[in-house]
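Residues per chain, in single letters:
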Number of protein chains: 2
Amino acid sequence: MNRGSGGEVPVDLPRNYLRPCLLLLLAEGTSHGYELLEQISALGLDRVDPGGLYRCLRAMDQEGLVRSAWEPSTSGPARRIYELTDEGRGWLHVSAGSLAQVARSLAKYRRRYQRVAEQSVPVR
Amino acid sequence: MNRGSGGEVPVDLPRNYLRPCLLLLLAEGTSHGYELLEQISALGLDRVDPGGLYRCLRAMDQEGLVRSAWEPSTSGPARRIYELTDEGRGWLHVSAGSLAQVARSLAKYRRRYQRVAEQSVPVR
DNA sequence: CGTCGTAGGTGCACGATACACATAGCCCAC
DNA sequence: GTGGGCTATGTGTATCGTGCACCTACGACG
């Protein structure tokens, strides 16, 4: 629902989807922001805003979901590497359950949508 | 999310989920705000804010996705009944496709989550 | 030198959401 | 007939997530 032309409808992922995605990637192994930025597109997020990603990581750091440390690099700027904490792992489980609930809701929507779609767009 | 206590993780439905839900309900038949408010919980939305719902309906009215008319009532206050337009029906189809894409993304997340969950929470 | 790729970050504005509150009509009980 | 409850539709406002633009810094390469 972008202004004006009734054209493209963006994919409208769940709110806060970035957080569980980052937690999941960090559950697979420690990493740093730039790398996560590249990996995250594999989860359906597309054109992730780097600023938002770094902000999200720092927020989770302050909340204790992740731990961070600077890692100097010989070739290029230093990286801040992130590691999942136990609390973050707990949060990951909870939000995975929450996302499963969202998926159930979407399935319910789909079933109901298909009923009305059959009538307005009959099989050919 | 809620600052401080890593407590409740709300279900975080897709952004703008209200719109496609209302369009779907209206595709099943004309209705008015109050009734939609009661029906919408069946789609997974829970504790929907009435104000937001009415605002959403009026916005869709202005955008031409729905048509509205006042219907006087013998028992109780008048209702504004909403009817889906052709444009709204088109929007419904598009957003249903978009939601399907979200569902695919969530499925991808789930598969990947289960891989890491198997390791940290082994089967018992 | 400039510029490209890596890496991390801020500022700001907009839109969706959440929460509180307002209004008005009808009906029933007291 | 007054007060409260249900139906029905809204407004006002704060908050928060998101998107876009922009900035800094380091190393390497030509």
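Check the entry above for the structure.
Presented here is an overview of the structure given in this document. Per chain, residue numbering runs from 1 following the sequence as it is written. Naming scheme: in the order in which they are written, chains are lettered from A and ligands are numbered from 1. Local features in this predicted model are restricted to residues of pLDDT 70 or higher, and side-chain atom pairs are both shown and tallied only at a pLDDT of 80 or more, whereas totals for entire chains, interfaces and linings draw on every residue. Heavy atoms throughout the structure, all of them, feed into the side-chain values; hydrogens and water do not.

1. Re the overall build of chain A
Then step 1. What chain A contains, in helices and strands, is four helices and three strands.
Then step 2. Summary of the burial criterion: residues with accessible area below 20% of their type's maximum are buried, those above 50% are exposed, and those between are partly exposed, where the area comes from a 1.4 Å probe applied to protein chains only. The 124 residues of chain A split such that 39% are buried.
Then step 3. Contact criterion: two residues are considered in contact whenever any of their non-hydrogen atoms come within 4.5 Å of each other. Taking contacts inside chain A between residues at least 6 apart in sequence as the whole, the part at least 24 apart equals 47%.
Then step 4. Exposure was quantified through the Shrake-Rupley algorithm and a 1.4 Å probe, taking into account, for residues, occlusion by the shown protein chains and nothing else. Accessible surface, chain A as shown: approximately 7,200 Å² in total, 50% of it carbon and sulfur. Secondary structure counts use DSSP, requiring at least four H or I residues in a row for a helix and at least two E residues in a row for a strand, with both numbered from the N terminus.

2. A look at the sheet that holds strand S3 (residues 79-84) of chain A
Residues and elements named next belong to chain A.
Then step 1. Taken together, three strands build an open sheet; the order of strands is S1-S3-S2 and the sheet is antiparallel. The two strands at the open ends of the sheet, each matched to only one other strand, are strand S1 (31-32) and strand S2 (66-71).
Then step 2. Bridge count for S2 against S3 is six bridges, and the pairing is antiparallel. Counterpart to Arg-67 in the pairing with S3 is Glu-83.
Then step 3. On the sheet, helix H1 (residues 18-27) packs against S1, S2 and S3 and is oriented at approximately 85° with respect to S3. Two strands pair under a simple rule: DSSP has to find at least two bridges between them. Angles shown run from 0 to 180 degrees and are taken between the N-to-C directions of axes, each axis being a line fitted to C-alpha atoms and, for helices, limited to the stretch in contact.

3. Some details on the interface of chain B and chain A
Then step 1. Across the boundary between the two partners, chain B contributes 42 residues, which contact 41 residues of chain A.
Then step 2. Once two parts are joined, some of their accessible surface, as seen by a 1.4 Å probe, is lost; buried area is that loss totalled over both. Here chain B packs against chain A, burying approximately 4,300 Å² in sum over the two surfaces, 64% of which is carbon and sulfur.
Then step 3. A pair is scored as a salt bridge if a Lys or Arg side-chain nitrogen falls within 4 Å of a carboxyl oxygen belonging to Asp or Glu. Joining chain B to chain A, the criterion identifies four salt bridges.
Then step 4. Its salt-bridge partner being Arg112(A), residue Glu28(B) comes within 2.8 Å of it at the nearest N-O pair.
Then step 5. Polar contact is the term for a pair of N or O atoms within 3.5 Å; when the atoms are in protein, one must be able to donate a hydrogen and the other to accept it, and sequence-neighboring residues count only if both atoms are side-chain atoms. Where chain B touches chain A, the interface holds eleven residue pairs in polar contact (both at pLDDT 80 or more).
Then step 6. The element best represented in the side of chain B that touches chain A is helix H4 (residues 86-120) of chain B, accounting for 20 residues.

4. Some thoughts on unusual backbone geometry
Then step 1. A positive phi angle is found at Arg47(A), which is not glycine, with a value near 55°.
Then step 2. The class of Arg47(A) is exposed, set by a relative accessible area of 79%.

5. Thoughts on the relation of the copies chain B and chain A
Then step 1. Superposing copies: least-squares fit, C-alpha atoms only, residues required to have pLDDT of at least 70 in both. Superposing chain B onto chain A takes a rotation of 180° plus a shift of 0.0 Å along the axis, which leaves an RMSD of 0.1 Å. The transformation just described matches what one would write down for a two-fold rotation axis. When each C-alpha of chain B is compared by its distance to the rotation axis, Pro14(B) comes out closest, at 1.8 Å.
Then step 2. Mapped onto chain A, 95% of the interface residues of chain B are again interface residues, and the two copies thus contact each other with one and the same surface.

6. Brief notes about the protein's contact with DNA strand C
Then step 1. Here a residue is considered near a molecule or strand provided that any single heavy atom belonging to it is located within 4 Å of it. Inspection of the region around DNA strand C gives 22 residues, with Tyr34(A), Arg55(A), Arg79(A), Arg80(A) and Asn16(B) positioned closest.
Then step 2. At the protein interface, 67% of the atoms of DNA strand C within 4 Å belong to sugar or phosphate.
Then step 3. Arg79(A) has a polar side-chain atom sitting 2.2 Å from a phosphate oxygen of DNA strand C.
Then step 4. For DNA strand C, a phosphate oxygen lies 2.9 Å from a polar atom in the backbone of Asn16(B).
Then step 5. Put simply, the parts of the chain that give the surface near DNA strand C at least two residues each are helix H2 (33-39), helix H3 (50-62) and S3 of chain A.
Then step 6. In terms of residue count, H3(A) provides more of the surface near DNA strand C than any other element does, four residues in total.
Then step 7. Asp, Glu, Lys and Arg are counted as charged, while Ala, Val, Leu, Ile, Met, Phe, Trp, Tyr, Cys and Pro are counted as nonpolar; the rest, among them Gly, fall into the polar class. Across the surface near DNA strand C, the residue classes break down as seven nonpolar, seven polar and eight charged.

7. Remarks on the pairing of S3(A)
Then step 1. As paired elements, S1(A) and S3(A) share two bridges and run antiparallel to each other. In the strand pairing of S3(A), Ser31(A) is matched with Tyr82(A).

8. Observations concerning the packing of aromatic side chains
Then step 1. Classification of ring pairs uses Phe, Tyr and Trp, with its six-membered ring standing for Trp, and accepts pairs whose centres are within 6.5 Å; under 30 degrees between planes counts as stacked, over 60 as edge-to-face, and the remaining range as tilted. Within this structure, the stated rule accounts for two aromatic pairs over all chains.
Then step 2. Relative to Tyr109(B), the ring of Tyr17(A) lies with its centre 6.0 Å away and its plane at 45°, an arrangement referred to as tilted. Within this pair, whereas Tyr17(A) is found in the segment before H1, its partner Tyr109(B) is found in helix H4, the two belonging to separate chains.
Then step 3. Residue Tyr17(A) is classed as buried on the basis of its relative accessible area, which comes to 2%.
Then step 4. The exposure class of Tyr109(B) is buried, given its relative accessible area of 2%.
Then step 5. Working rule: Lys NZ or Arg CZ, within 6 Å of ring centre, within 35 degrees of ring normal, means a charge sits over the ring. Directly above the aromatic system of Trp91(A) lies the positively charged group of Arg19(A), at a separation of 5.1 Å from the ring centroid.

9. A few points about the sheet that holds strand S1 (residues 31-32) of chain B
All names here are of chain B.
Then step 1. Pairing is antiparallel in the open sheet, where three strands are placed in the order S1-S3-S2. Whereas interior strands pair on both sides, the edge strands pair on one side only; in this sheet they are S1 and strand S2 (66-71).
Then step 2. Sitting on the sheet, helix H1 (residues 18-27) is in contact with S1, S2 and strand S3 (79-84), with an inclination near 85° to S3.

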